[in-house]
Amino acid sequence: MGAVTDRAKCIGCGRCIDVCPGNVIRKDEQGKAYLKYESDCWSCAACVKECPMKAIYLRLPPEYGGTGADMYARKNKNITTWEIVRADGEVIRYTTDTEEANKY
Ligand code: SF4
Ligand code: SF4
C-alpha cells in the first residue's frame, strides 16, 4: 500500500509535495510528481486529497479492495469525496466532512 503517481495526468502544481509530511515526493525532469522514497510513504492520503487532477492515488491491499483497488479523492472545502476503484471495475464512493470529524 502506498501512493502512486500518474505522470500523464500530473500538471506539476506541486501541491502534493507541499503537503507530504514525509517529504517523499519530488518532481522529475519534466516537472511531474513521483515518489522518490516509496518505502517512506505511510499512506496518509494527504497528497491524494490535495491533487486537483487525480494524478496521485493510494493503491489499497486486497484486504480493502478484494483483489486490490485504487483510492482517489476530491476535496471541496470541508467535504472530501473518496472514490475506490476495485480491480473488477466497481466504484465505491463515500464522503467525509472535516467539520463533523470531532463531533462524537
Ligand atoms: S500518502 Fe502521505 S506520506 Fe505518502 S506520499 Fe502522500 S502525503 Fe506523502
Ligand atoms: S498535486 Fe497532483 S497535479 Fe499537482 S504535482 Fe502533485 S500529482 Fe501532480
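Cut-off values and rules
Counting starts from 1 at the beginning of each chain's written sequence and moves along it residue by residue. Note on labels: chains are lettered from A, ligands numbered from 1, in written order. The predicted nature of this model means local features are confined to residues of pLDDT at least 70 and side-chain atom pairs, given and counted, to a pLDDT of 80 or more, with totals for whole chains, interfaces and linings taken over all residues. With hydrogens and water set aside, each side-chain value is computed from the structure's full complement of heavy atoms. Per-residue confidence from the predictor is given as pLDDT, running between 0 and 100. Numbering of helices and strands starts at the N terminus; helices are DSSP runs of H or I of at least 4 residues and strands are runs of E of at least 2. For each residue, the test is whether any non-hydrogen atom lies within 4 Å of the molecule or strand; if one does, the residue is near. Ten residues, namely Ala, Val, Leu, Ile, Met, Phe, Trp, Tyr, Cys and Pro, are considered nonpolar, four, namely Asp, Glu, Lys and Arg, are considered charged, and the remaining ones, Gly among them, are considered polar. A pairing counts as a salt bridge when a side-chain nitrogen of Lys or Arg comes within 4 Å of a carboxyl oxygen of Asp or Glu. Classification of residues uses two cut-offs on accessible area relative to the type maximum, computed with a 1.4 Å probe and protein chains only: under 20% is buried, over 50% is exposed, and between them is partly exposed. We call two residues in contact when some of their heavy atoms are within 4.5 Å. Each polar contact in these results corresponds to two N or O atoms within 3.5 Å; when the atoms are within protein, one needs to be able to donate a hydrogen and the other to accept it, and residues that are neighboring in sequence are counted only if both atoms are side-chain atoms. Under the pairing criterion, centres of Phe, Tyr and Trp rings, with the six-membered ring standing for Trp, must be within 6.5 Å; the plane angle then separates stacked pairs below 30 degrees from edge-to-face pairs above 60, leaving the rest tilted. We define a nonpolar core as any set of buried Ala, Val, Leu, Ile, Met, Phe, Trp, Tyr and Cys residues linked to one another through side-chain atoms lying within 4.5 Å.

Quick look at the confidence of the model for the chain now. Looking at the chain as a whole, its pLDDT mean stands at 91, while 94% of the residues score no less than 70. When pLDDT is averaged over each element of the chain, helix 1 (residues 15-19) comes out on top at 98 and helix 3 (residues 62-65) at the bottom at 68.

What follows covers the site of ligand 1. Taken together, Ala3, Cys20, Pro21, Val24, Ile25, Cys41, Trp42, Ser43, Cys44, Ala45, Ala46 and Cys47 make up the full set of residues adjacent to ligand 1. Tallied by class, residues from the shell around ligand 1 come to 11 nonpolar, one polar and no charged.

If you walk through the whole model with that rule in mind, you get eight salt bridges. Here Asp28 and Arg7 are joined by a salt bridge, their closest N and O atoms 2.8 Å apart. With Asp28 in the loop between strand 2 (25-27) and strand 3 (33-35) and Arg7 in the loop between strand 1 (2-5) and helix 1, this pair connects stretches of sequence that are 21 residues apart. As a salt-bridge pair, Asp70 and Arg59 come within 2.9 Å of each other at their nearest N and O atoms. A residue pair is termed long-range when its members are at least 10 positions apart, and Asp70 in strand 5 (residues 69-76) and Arg59 in strand 4 (residues 56-60) qualify at 11 residues. For Arg59, a relative accessible area of 41% puts it in the partly exposed group. Because the salt bridges share partners, they merge into one network encompassing Arg15, Glu50 and Lys75.

Our focus in this paragraph is the environment of Tyr57. Take Tyr57: it is sitting in strand 4. A sequence separation of 36 residues divides Tyr57 from Arg93, and the C-alpha atoms of the two residues are 14 Å apart. Those residues in contact with Tyr57 that lie beyond four places of it in its chain are Gly2, Ala3, Val4, Asp6, Val48, Asp70, Met71 and Tyr72. Among the polar contacts made by the side chain of Tyr57, one reaches the side chain of Arg59 at a distance of 3.3 Å.

With that settled, the discussion passes to the packing of aromatic side chains. Enumeration according to the criterion identifies two aromatic pairs in this entry. A ring pair is formed by Tyr57 and Tyr72, whose centres lie 4.9 Å apart and whose planes are at 35°; its orientation type is tilted. You can see Tyr57 sitting in strand 4 and its partner Tyr72 sitting in strand 5, a full 15 residues away along the chain. Taken as a pair, Tyr57 and Tyr72 share a single burial class, namely buried.

This next bit is on the nonpolar core. As a rule of thumb, soluble globular proteins bury nonpolar side chains together. Formed by 22 residues in total, the largest nonpolar core has its most connected members in Ala3, Ile25, Leu35, Cys47, Ile56 and Leu58. Contributing elements (two or more residues each) for this core: strand 3, helix 2 (46-50), strand 4, strand 5 and strand 6 (79-86). If near-sequence neighbours (up to four positions away) are discounted, Cys47 is found in contact with Ala3, Cys16, Val19, Ile25 and Ile56.

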